[in-house]
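# Summary of structural features
These are the residues of each chain, in order.
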Amino acid sequence: MSTRIENLRSLIRINRDVPTIPFIAAGAVLLVLGLIGVARVIFEGHEAVYGATRQVPWGLLIATYAYFVITSTGLAFIGGLGHAFGFHQYARLSKRIVLMAFIVLLAGFTQIGMELGHPFRLMYLFLISPNFSAPIVWMGIFYGIELLILGLELLVVFNPNGTNHKLAAVLGFLALLVGVMATSNLGFVFGSLTARPFFHGIYFPTFLVVSGIAGGASLLLVIYNIVYKFNVPDQFKDAMSSLGKLMGLCIGIMIFLSFWKIISSLYTEPKEAYDSVIVLLSGPLYANFWIGEVLMALVLPLALLIASKAKEIRIMGLAGLTFLIGMFFTRYDFIVAGQMPPMRAGNEGSGVEAINGLMHYVPSSGEWMIFALGLGLFLFLYFLSERFLILDADAH
Amino acid sequence: MKNKRYAIVLDTKKCLNCKACTVACKFENFVPVGDDTYRIWVTELPLQGKFPHLHQEYQTSQCQHCENAPCEKVCPTKATFTTPEGVVLVDYKKCILCKACMTACPYDARFVSEHHESVEKCTFCMHRVSEGREPACVETCPVRVREFGDLNDPNSKVSRLLSSRPYLQLKPEKNTRPRLFYVL
């Protein structure tokens with residue numbers, strides 16, 4: 001018994017050098033705000049608190065769900081590269097990667113849990129009445145397995161008797177594989193919708209996987225800069241440099257995918273897809289698109305990465321931060337823009353209230369509060385772990 | 001004996017835009033009051049012709065009870081299902097309110113019902129049909145815009161209308177194969 005306690009103690013250390021307190025405090029404030037949002041939903045109901053409508057059923061919380069869970073699978077992908085595919089530079093990051101992926105996934109689950117009208121009903125109906133032709137079922141299955149794998153990985157990398165590298169490699173590979181399946185299935189939840197031409201097709205499943213990896217790399221670059229107060233030690237330089245290159249490659253692919261998505265939605269003006277892309281280029285979401293997506297998610301981080309030559313870790317951290325902000329807009333814009341063209345013309349009597357032939361959606365304060373819940377949960381739990389756990393892993 | 005295959009045939013040229021069908025539907029099915037909560041609707045189509053020879057038509061519509069129903073495919077819990085008669089229904093107790101069916105429906109025929117705590121839509125008034133009565137919107141219409149019946153019965157009004165007059169269906173490019181037919 002005493003040996004076990006001593007073993008556990010070997011994992012714990014109060015890290016006073018790491019600037020965790022501001023982030024734990026910010027996380028706690030956001031969590032309180034989020035819990036107020038939860039209370040509002042419980043007492044007032046989803047319909048009263050959220051801004052989603054009959055014509056725009058999916059709003060901010062679907063976007064933030066995608067934002068969190070795909071960043072988590074991106075992290076798991078990078079962890080899998082380290083454990084199973086010989087990218088040993090990532091092995092030094094393995095504890096933080098697994099812990100971060102697990103907490104970010106939990107943050108994502110808060111978003112979908114609060115978005116669904118009956119989250120508890122979902123848990124048993126997925127077991128007794130699953131519809132295997134529904135992409136949501138496969139997404140749920142894969143994300144459930146992903147959470148389990150990440151939980152097991154946590155046990156393996158935080159084993160006080162040392163990490164079993166063979167088991168870590170198997171779990172890392174599975175996390176990578178299942179993560180890609182989960183993310184692409186999440187994309188197919190949209191890609192399967194023939195009613196919404198902007199959503200339909202392979203763009204979103206592919207884009208989500210690639211941008212998720214960039215998101216995972218960005219989060220690691222940002223967190224390492226924070227933890228080491230913008231002076232990351234030499235032992236992590238190879239890993240940081242590699243993350244910068246991986247992020248740059250993924251942003252390049254994102255530019256390629258986005259370019260052709262826009263061109264194919266403009267060429268010969270295919271009705272609803274064209275309307276959606278005009279919403280982004282010059283319509284109600286143009287500021288989100290040009291500043292949030294093009295500048296923050298694509299141009300600025302790529303320019304910073306090039307300027308850093310994959311060596312200046314502080315600049316790469318800044319690139320990561322701008323990307324993490326921009327990535328939020330890539331999720332939100334796509335999901336909202338795809339629902340802007342109404343399914344019926346907004347003529348008198350139709351019940352459709354269109355403005356210039358388009359629907360409209362603005363997130364409510366309640367939806368922002370639930371987003372605060374997810375963000376707060378991540379900041380609070382992650383930086384609490386940084387405060388009390390030993391997170392530097394040995395290289396394989 | 002073959003199953004019944006229920007359908008509605010609409011002759012919208014007859015529509016007066018009195019909206020009796022929408023009121024009857026609300027009362028019959030306890031549809032809550034609200035801008036977004038309705039099972040059927042009457043859309044005013046754009047004015048045609050030039051003054052003083054103006055002409056306007058209305059398009060009454062509702063859930064199309066598609067044979068290839070995208071709402072049923074995407075429903076993760078089988079809350080949306082099709083009866084042997086081809087009527088697409090929602091089991092309110094199985095709905096988790098993920099709203100995937102609402103994004104999948106090309107006809108915007110579904111909405112969130114706080115009354116049922118579920119997604120809700122037209123049921124062809126199956127509770128009336130099982131008693132041998134017509135759906136409320138069909139029965140209440142003063143000019144019989146809608147006819148309801150069995151496509152498998154060649155002598156039903158719907159079969160006779162469809163065999164004698166040309167018709168169209170909404171959004172055929174979506175390949176949903178609706179059970180609502182608009183005669184021309």
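A few points on the structure.

Quick notes on the rules
Residues numbered from 1 in each chain as written. Chains lettered and ligands numbered in written order. Predicted model: local features only at pLDDT ≥ 70, side-chain atom pairs only at ≥ 80, totals over all residues. Pairing = 2+ DSSP bridges. Helix = DSSP H or I, 4+ residues; strand = E, 2+ residues; numbered from the N terminus. Contact = placed C-beta atoms within 7 Å. Axes fitted to C-alpha atoms, helices over the stretch in contact; angles between N-to-C directions. Nonpolar A, V, L, I, M, F, W, Y, C, P; charged D, E, K, R; others polar. Parallel < 35°, antiparallel > 145°, perpendicular 65-115°, else oblique. Left-handed = near helix turned anticlockwise from the far one by under 90°. Core = buried A, V, L, I, M, F, W, Y, C linked by C-beta atoms within 7 Å. Buried ≥ 20, exposed ≤ 12 C-beta atoms within 10 Å, placed from the backbone. Expected span 1.5 Å × (residues − 1).

So, about the sheet that holds strand β12 (residues 180-183) of chain B. All names here are of chain B. Reading across from one edge, β10-β1-β12-β11 is the order of the 4 strands in this open sheet, with mixed pairing throughout. Single-partner strands in this sheet number two, and they are β10 (146-150) and β11 (167-168). Bridge count for β11 against β12 is 2 bridges, and the pairing is antiparallel. When the sheet's bridge partners are listed, Y167 is paired in β12 with V183. Taken strand by strand, helix α6 (residues 157-164) contacts β1 (6-10), β10, β11 and β12, and its axis lies near 110 degrees from that of β10.

At the junction of the two partners, chain B supplies 32 residues and chain A supplies 37 residues. At the level of secondary structure, the elements contributing two or more residues to the side of chain B that touches chain A comprise β2 (41-44), α2 (70-74), α3 (100-104) and β8 (111-113) of chain B. Of the residues belonging to the side of chain B that touches chain A, the class tally is 19 nonpolar, 3 polar and 10 charged.

Once that is clear, we can look at the packing of helix α9 (residues 203-227) of chain A against helix α10 (residues 237-266) of chain A. Residues and elements named next belong to chain A. Packing of α9 against α10 brings their axes to within 9 Å, and their N-to-C directions diverge by 150 degrees. Put simply, α9 runs roughly antiparallel to α10. Handedness of the crossing formed by α9 with α10: left-handed. When α9 is examined against α10, the residues Y203, T206, F207, V210, S211, I213, A214, A217, S218, L220, L221 and Y224 are found in contact with a partner set consisting of M240, L243, G244, L246, M247, C250, I251, I253, M254, L257 and K261.

Bridging between β1(B) and β12(B) involves 3 bridges; their strand directions are parallel. Within β12(B), the position partnered with B:I8 by the bridge is B:L180.

Among the nonpolar cores identified, the biggest contains 187 residues, and A:M100 and A:A101 are the most heavily contacted of them. Per element, the largest residue contribution to this core is 16 residues, and it comes from helix α13 (residues 313-337) of chain A.

Because each turn of an α-helix spans 3.6 residues, side chains separated by three or four positions in sequence point in the same direction. With 30 residues, α10(A) extends 43 Å between its outermost C-alpha atoms, agreeing within 8% with the 44 Å of an ideal straight helix rising 1.5 Å per residue. Downstream of α10(A) by one or two residues, A:T268 has phi in the positive range, about 60 degrees.

This next bit is on unusual backbone geometry. The omega angle of the peptide bond from B:F51 to B:P52 is 5 degrees, so this bond is cis rather than trans. In this fold, B:P52 is placed in the loop between β3 (48-50) and β4 (53-55). Although it is not a glycine, A:K229 adopts a positive phi angle of roughly 50 degrees. Structurally, A:K229 is set in the loop between α9 and α10. In this structure, B:F124 takes a positive phi of about 60 degrees despite not being glycine. The buried category is assigned to B:F124, around which 25 C-beta atoms lie within 10 Å.

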